[in-house]
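Geometric and topological summary
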2 protein chains.
Amino acid sequence: MADSTPANPTATDPAAAWRGRRRRQDHGTKRDAVIRTAARAFDERGYHNTSLDDIAAALGVTKPTIYYYVANKEQLLFECFLAGLEPIRAALRRAEQTPGSGRDRLREVIHDYAVAIASEYGWCMVRAEHQDLGAELGAQVRSLKSEIDRAIRRLLQGGINDGSIAVTDPKLAAFAIAGALNWIAHWYRAGRTLTADEVATALVQFLDHGLAPREPRAGKPLPATARVRRTRSAARA
Amino acid sequence: MADSTPANPTATDPAAAWRGRRRRQDHGTKRDAVIRTAARAFDERGYHNTSLDDIAAALGVTKPTIYYYVANKEQLLFECFLAGLEPIRAALRRAEQTPGSGRDRLREVIHDYAVAIASEYGWCMVRAEHQDLGAELGAQVRSLKSEIDRAIRRLLQGGINDGSIAVTDPKLAAFAIAGALNWIAHWYRAGRTLTADEVATALVQFLDHGLAPREPRAGKPLPATARVRRTRSAARA
DNA sequence: GTAATATTCTACTCAACAGTAAGTTCTGGC
DNA sequence: GCCAGAACTTACTGTTGAGTAGAATATTAC
């Protein structure tokens, strides 16, 4: 749902915002193009290996032009983060208002979350270092991320309460689910064998299988604390 | 090999390798101290926000001393990666030689993998960018990582074949599991509420629950990890 | 048209930091 | 007690890249 503007060429080729007639383009369109191009460059080469000159070159402009649209490099990364995060927040808002079991609602969120991470903003959301944003923006990112974490935990807890989900530790489960989804940003490349939607659907299936209660019949809790034997891992202090 | 010296103070405080009266220390010990200190610094501030002067200062030496032990900054990161990876490779080797169902063997690997990621080398293994190593070392890292990925897929496939594991897509499942585990490097901090072993055990439980077949099959008794907790809530349609 | 404003450019500054040259000090071997 | 080489230092170089000043050009308003 991110780039749904009907026939928007800047979605596939942001530099198009500058090409063609030098007519006064919408300021917002160009700003979006800057952000999207930056996100792609960061994804490809990393934040520190991407100079603003690189991004400018990809857009067919010069470095000061970028400063006309964003305050500095930090803020550029921050905007990439926000742009990518929006669909996830939307999905969570939707889930809050949707009726249904916790598990059903979580399934929807997992799907949309996965698609969002598979987007060009995935890197900025998942792999960018908080230290690269300043103290100010870093704290904002942290806050937004933990908000999402809490929302997922709430969904899990809801599912546990209504019996649609069976996990022992919702906090750990939330981390595990987030990890499985965020990891998409590490391995997925658009345009290969799988579409983002296929990946999302497959992960929904895998995770949902793990969340489901083991047996549909109620009222027979097993005292199961599966212990891993052979603990010969050296303690690190 | 890495930190096997019994009462080794350099494990907690690598700078100790230089302190004390004993000037001429073992070359290997100091080199390990350099690598471990670098790993911690990278974890804390990121690769690019850590200068070699920072690492040198943490060790109580000067920058050229670091060059006495490693060729350059890239190689330093690479060594951190290798150091962290070793326990994982060991766990996989062990699994290959161990009898038992695919699921049992995978459980062991997951545990040891999680502990390894929770180590001080977790950042270097998971979050370091391949581009920051050169083409040469980057390719080596990629190769080692994909080797691990293949091993996990093999374990999954083995479990599918012997009926102890039920997943539809082993490739996707391997990514999901790796993601859940690697994500530890993003959120876990040693010395807080949980020990590495506790985290590992909890994740083993969560993931194992997801891998288990839905209902017990004939001839393959499953360990009692299943757990259904029903609260008194009514089901909603 | 012309003034006002928006946009983009050229041409810089300045600091950070990887990496090095060349010298100094320590230590074990003899 | 002297030497060879290991270990470490001080003091540099060169480059890269973020960020800026101010001029130039385009676009809109009138």
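Criteria and thresholds
- Residues numbered from 1 in each chain as written.
- Chains lettered and ligands numbered in written order.
- Predicted model: local features only at pLDDT ≥ 70, side-chain atom pairs only at ≥ 80, totals over all residues.
- Heavy atoms only, no water.
- Helix = DSSP H or I, 4+ residues; strand = E, 2+ residues; numbered from the N terminus.
- Buried < 20%, exposed > 50% of the residue type's maximum accessible area, 1.4 Å probe, protein only.
- Contact = heavy atoms within 4.5 Å.
- Areas by Shrake-Rupley, 256 points an atom, 1.4 Å probe, with all protein chains shown as cover.
- 1 Å grid on protein atoms, 1.4 Å probe; cavity = no way out; pocket = protein on both sides within 12 Å on 5 of 7 lines; lining within 4 Å.
- Points joined across faces, edges and corners; volume = space filled by probe spheres on them.
- Nonpolar A, V, L, I, M, F, W, Y, C, P; charged D, E, K, R; others polar.
- Axes fitted to C-alpha atoms, helices over the stretch in contact; angles between N-to-C directions.
- Parallel < 35°, antiparallel > 145°, perpendicular 65-115°, else oblique.
- Left-handed = near helix turned anticlockwise from the far one by under 90°.
- Expected span 1.5 Å × (residues − 1).
- Bend = angle between axes of the 7 residues up to and from the residue.
- Phe/Tyr/Trp six-rings, centres within 6.5 Å; stacked < 30°, edge-to-face > 60°.
- Lys NZ or Arg CZ within 6 Å of the ring centre and 35° of its normal.
- Core = buried A, V, L, I, M, F, W, Y, C linked by side-chain atoms within 4.5 Å.
- Salt bridge = Lys/Arg side-chain N within 4 Å of Asp/Glu carboxyl O.
- pLDDT = per-residue confidence, 0-100.
- Polar contact = N/O pair within 3.5 Å; in protein donor to acceptor, adjacent residues only side chain to side chain.

**So, the overall build of chain A**
Across its full length, chain A carries 11 helices and zero strands. In chain A, the succession of helices and strands from N to C terminus is α-α-α-α-α-α-α-α-α-α-α. Scored against the burial criterion, the 237 residues of chain A give a buried share of 49%. A fraction of 67% describes how many contacts in chain A between residues 6 or more apart in sequence connect residues 24 or more apart. Surface summary for chain A: the accessible area is close to 11,900 Å², and the carbon and sulfur share equals 51%.

**Remarks on the layout of surface pockets**
To find leftover empty space, one rolls a probe the size of a water molecule over the atoms. In this model, the second largest pocket occupies a volume close to 1,100 Å³. Around the second largest pocket sit 36 residues that line it, and H130, R142 and F175 of chain A together with H186 and W187 of chain B are the ones nearest its centre. When residues in the lining of the second largest pocket are grouped by element, the largest group, eight residues, is from helix 8 (residues 135-161) of chain A. The residue makeup of the lining of the second largest pocket, split by class, is 18 nonpolar, six polar and 12 charged.

**Some details on the packing of helix 8 of chain A against helix 9 (residues 170-182) of chain A**
Axes are the key here: two packed helices are described by the angle between their axes and the distance separating the axes. All names here are of chain A. With their axes 9 Å apart at the nearest point, helix 8 and helix 9 run at an angle of 120° to one another. With respect to their mutual orientation, helix 8 and helix 9 come out oblique. In terms of crossing hand, the pair formed by helix 8 and helix 9 is right-handed. Side by side, helix 8 and helix 9 meet where D149, I152, R153, L156, Q157 and I160 of the first sit next to P170, K171, A173, A174, F175 and I177 of the second. Here the residues of the contact of helix 8 with helix 9 are counted per class, giving eight nonpolar, one polar and three charged.

**What about the environment of I55 of chain A?**
All names here are of chain A. One can find I55 in helix 3 (residues 52-59). Taking C-alpha positions, I55 is 9.4 Å from I35, a pair spaced 20 residues apart along the chain. Setting aside its immediate chain neighbours within four residues, I55 contacts V34, T37, A38, A41, F42, T50, I66 and L76.

**Things to note about helix 5 (residues 73-97) of chain A**
Under the 1.5 Å per step criterion, the end-to-end length of helix 5 of chain A is 37 Å for 25 residues, consistent within 8% with the ideal 36 Å. Its maximal kink placed at L85 of chain A, helix 5 of chain A deviates by approximately 35°, while the proline P87 of chain A follows within four residues.

**Comments concerning the packing of aromatic side chains**
Summed over all chains, the structure comprises 10 aromatic pairs over all chains. For the pair F42 of chain B and W123 of chain B, a centre-to-centre distance of 6.3 Å together with 45° between the ring planes defines the contact as tilted. With F42 of chain B in helix 1 (residues 27-45) and W123 of chain B in helix 6 (residues 122-126), the pair connects residues that are 81 residues apart, well separated along the chain. The residues F42 of chain B and W123 of chain B share a single accessibility class, namely buried. Among the aromatic side chains, those forming a connected cluster through ring pairs are F42, Y47 and W123 of chain A. Here K73 of chain A stacks its cationic end above the ring of Y47 of chain A, 4.4 Å away from the centre of that ring.

**Section: the nonpolar core**
The tendency in soluble globular proteins is for nonpolar side chains to be buried as a group. Counting 150 residues, the largest nonpolar core has F42 and L76 of chain A together with F42 and L76 of chain B as its most contacted members. Not counting residues within four places of it along the chain, the set of residues in contact with F42 of chain A comprises Y47, T50, I55, K73, L76, L77, C80, W123 and C124 of chain A.

**Considerations on the pattern of salt bridges**
Two side chains carrying opposite charge are able to pair once their charged atoms lie near each other. Residue and element names in this part refer to chain A. What the rule picks out here adds up to 32 salt bridges over all chains. D54 is paired through a salt bridge with R45; the nearest N and O atoms lie 3.9 Å apart. For D54, a relative accessible area of 29% puts it in the partly exposed group. Judged by relative accessible area, R45 falls into the partly exposed class, the value being 30%. We note a salt bridge from R107 to D104, for which the minimum N-O separation is 2.2 Å. Separated by three residues within a single helix, R107 and D104 lie in helix 6 (residues 102-117), roughly one turn from each other. Residue class for D104 comes out partly exposed when judged on its relative accessible area of 37%.

**Observations regarding the confidence of the model for chain A**
Residues and elements named next belong to chain A. Looking at chain A, the pLDDT average stands at 87 and 84% of residues meet or exceed 70. Long-range and interchain partners of residues 1-6, a stretch whose pLDDT sits below 50, account for two contacts in this model, where long-range means more than four residues apart. Within the model, the stretch residues 216-237 combines pLDDT values under 50 with 32 contacts to residues more than four positions away or in other chains.

**A closer look at helix 10 (residues 196-211) of chain B**
Here helix 10 of chain B spans 22 Å end to end across 16 residues, near enough to the 22 Å set by a 1.5 Å rise per residue. Of all 16 residues that make up helix 10 of chain B, 13 are buried, and the element is covered over most of its length.

**Quick notes on empty space enclosed by the protein**
In this structure the tally under the stated criterion is five cavities of 30 Å³ or more. Taken as a whole, the largest cavity holds about 140 Å³ of empty space. Looking at the largest cavity, it is lined by 17 residues, and the ones nearest its centre are H48 and E129 of chain A together with H48, E129 and D132 of chain B. A per-class count over the lining of the largest cavity returns five nonpolar, five polar and seven charged. Quantified by volume, the second largest cavity comes out at close to 50 Å³. Taken together, F206, L207, G210 and L211 of chain A together with F206, L207 and G210 of chain B form the lining of the second largest cavity. Only helix 11 (196-211) of chain A together with helix 10 of chain B provide two or more residues apiece to the lining of the second largest cavity. Ranked by the residues each element gives to the lining of the second largest cavity, the list is headed by helix 11 of chain A, at four residues. Taken together, the residues that form the lining of the second largest cavity break down as five nonpolar, two polar and no charged.

**Thoughts on the environment of A114 of chain B**
Along the chain, A114 of chain B falls in helix 5 (residues 102-117). In this structure, A114 of chain B is in contact with L181, I184 and A200 of chain B, ignoring residues within four places of it in sequence.

**Focus on the side chain of D208 of chain A**
All names here are of chain A. With respect to the secondary-structure elements, D208 resides in helix 11. D208 sits in the buried class, given a relative accessible area of 12%. At 2.7 Å, the side chain of D208 forms a polar contact with the side chain of R103. Within the structure, the side chain of D208 is placed 3.0 Å from the side chain of R107, a separation counted as a polar contact. With residues near it in sequence (within four places) discarded, D208 still touches R103 and R107.

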